[in-house]
Amino acid sequence: MYPKITHLSNPAKRLQGETIFAVLGLIILSFAAYLNALSNTFVFDDVYVISGNYFIRDWKNFWGLFTSKYFAASGELSYRPVVTLSYFVDYSLWHLNPMGYHLTNIVLHTLNSTILFFLVQRMVRNMPLAFLASLFFICHPVLSEAVNAVSYREDLLSAAFFITAFLLYVKLPASNKFMYRTEMLHSVQHDSVCHSER
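Residues numbered from 1 in each chain as written. Predicted model: local features only at pLDDT ≥ 70, side-chain atom pairs only at ≥ 80, totals over all residues. Heavy atoms only, no water.

Visitor: Even after reading the chapter, I still don't get the overall build of the chain, so can you show me in this structure?
Guide: Scanning the chain from N- to C-terminus turns up nine helices and zero strands. Listing the helices and strands of the chain from first to last along the sequence gives α-α-α-α-α-α-α-α-α. By residue count, 34% of the 198 residues in the chain fall in the buried class. Long-range pairs, those at least 24 residues apart, make up 68% of the contacts in the chain between residues at least 6 apart in sequence. Element-wise, carbon and sulfur atoms account for 69% of the exposed surface of the chain, whose accessible area totals about 12,700 Å². (Helix = DSSP H or I, 4+ residues; strand = E, 2+ residues; numbered from the N terminus. Buried < 20%, exposed > 50% of the residue type's maximum accessible area, 1.4 Å probe, protein only. Contact = heavy atoms within 4.5 Å. Areas by Shrake-Rupley, 256 points an atom, 1.4 Å probe, with all protein chains shown as cover.)

Structure (structure tokens):
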């Protein structure tokens, strides 16, 4: 007589709904944890790397990221073109408004927390544990410097690439993982032989 409610009893749809709810919760909590950073000014090396850096103010300098002039032109002490590219984008959007740069860092940290959630969920198949691990990652004080100081953005970007690569590796079928491990072992052995011959 009454229509059956199938979407509530379907485990796949329920899991999808729980996943969406968990991700939205992580996004809200991550922004809530670092919302006060938006009103901050440039701190520590930010003044040198952002406000005193004329290299990032003109897209004509973009190709300088890939030449030997990079160090002289950018004033950087280490070669980190992806981070400097993110400063180009930020300057195009926000000019020298620190709020925009801090917003970018918060978005990156939120993205990392979300990717970590999917990684832990994939590894342990336990959504509450994945949520707690990501929540711990969001709130852990060791990450506060990387989120609050724009000039430490390389930590956020490297974490994004690392966690994403690990997630993609975990998602590989078992047969491909064996091939990948074998290739990796050969690569490490080859590098060891090359270094020992020097």
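Visitor: So what exactly am I meant to see when it comes to the environment of Thr41 here?
Guide: Turning to its location among the elements, Thr41 is positioned in the loop between helix H1 (11-34) and helix H2 (46-51). Along the chain, Thr41 and Ala149 lie 108 residues apart, while their C-alpha atoms are 9.4 Å from each other. The residues touching Thr41, leaving out its near neighbours within four places in the chain, are Pro98 and His102.

Visitor: I'm lost on the side chain of Gln121 in this one. Help?
Guide: Positionally, Gln121 belongs in helix H5 (residues 98-124). Excluding residues that lie within four positions of it along the chain, Gln121 makes contacts with Asn126, Met127 and Ala130.

Visitor: Explain the packing of H5 against helix H8 (residues 153-171) to me, please; I cannot follow it from the model alone.
Guide: Helix packing for two helices is described by the angle between their axes and how far apart those axes are. One can describe the packing of H5 onto H8 by two numbers: an axis separation of 9 Å at closest approach and a directional angle of 20°. Accordingly, the angle class assigned to the pair H5 and H8 is roughly parallel. H5 and H8 meet at a crossing whose hand is left-handed. Every residue of H8 that contacts H5 at Tyr101, Thr104, Asn105, Leu108, His109, Asn112, Ile115, Leu116, Phe118, Leu119, Arg122 and Met123 is listed here: Arg153, Leu156, Leu157, Ala159, Ala160, Ile163, Thr164, Phe166, Leu167, Val170 and Lys171. Among the residues forming the contact of H5 with H8, the class breakdown is 15 nonpolar, five polar and three charged. (Axes fitted to C-alpha atoms, helices over the stretch in contact; angles between N-to-C directions. Parallel < 35°, antiparallel > 145°, perpendicular 65-115°, else oblique. Left-handed = near helix turned anticlockwise from the far one by under 90°. Nonpolar A, V, L, I, M, F, W, Y, C, P; charged D, E, K, R; others polar.)

Visitor: Help me understand the packing of H1 against helix H6 (residues 127-139), please; the structure alone is not making it clear to me.
Guide: Relative orientation of the contacting elements H1 and H6 amounts to 15°, with a least axis distance of 10 Å. By the angle class used here, H1 and H6 are roughly parallel. Here the hand of the crossing between H1 and H6 comes out right-handed. Packed against H1, whose contacting residues are Leu15, Glu18, Thr19, Ala22, Gly25, Leu26, Leu29, Ser30, Ala33 and Tyr34, the element H6 presents Met127, Phe131, Ser134, Leu135 and Ile138 at the interface. For the contact of H1 with H6, the residue count by class is 10 nonpolar, four polar and one charged.

Visitor: Please explain the layout of surface pockets as it appears in this structure.
Guide: Taking a probe equal in size to a water molecule and rolling it over the atoms shows the remaining empty space. Put simply, the largest pocket is a space of about 190 Å³. Every residue lining the largest pocket is listed: Leu15, Thr19, Phe117, Phe118, Gln121, Arg122, Arg125, Met127, Leu167 and Lys171. Elements that contribute at least two residues to the lining of the largest pocket include exactly H1, H5 and H8. Of all the elements, H5 adds the most residues to the lining of the largest pocket, at four residues. Across the lining of the largest pocket, the residue classes break down as five nonpolar, two polar and three charged. Estimates place the volume of the second largest pocket at around 160 Å³. (1 Å grid on protein atoms, 1.4 Å probe; cavity = no way out; pocket = protein on both sides within 12 Å on 5 of 7 lines; lining within 4 Å. Points joined across faces, edges and corners; volume = space filled by probe spheres on them.)

Visitor: Could you clarify how one ought to interpret unusual backbone geometry in this entry?
Guide: Across the chain, the bulk of peptide bonds are trans and the bulk of non-glycine residues have phi less than zero. Backbone geometry at Phe44 places phi at a positive 50°, although glycine is not the residue there. The topology assignment puts Phe44 in the loop between H1 and H2. Note on Phe44: relative accessible area 58%, which makes it exposed. With a phi close to 55°, Arg125 is a non-glycine residue in the positive phi region.

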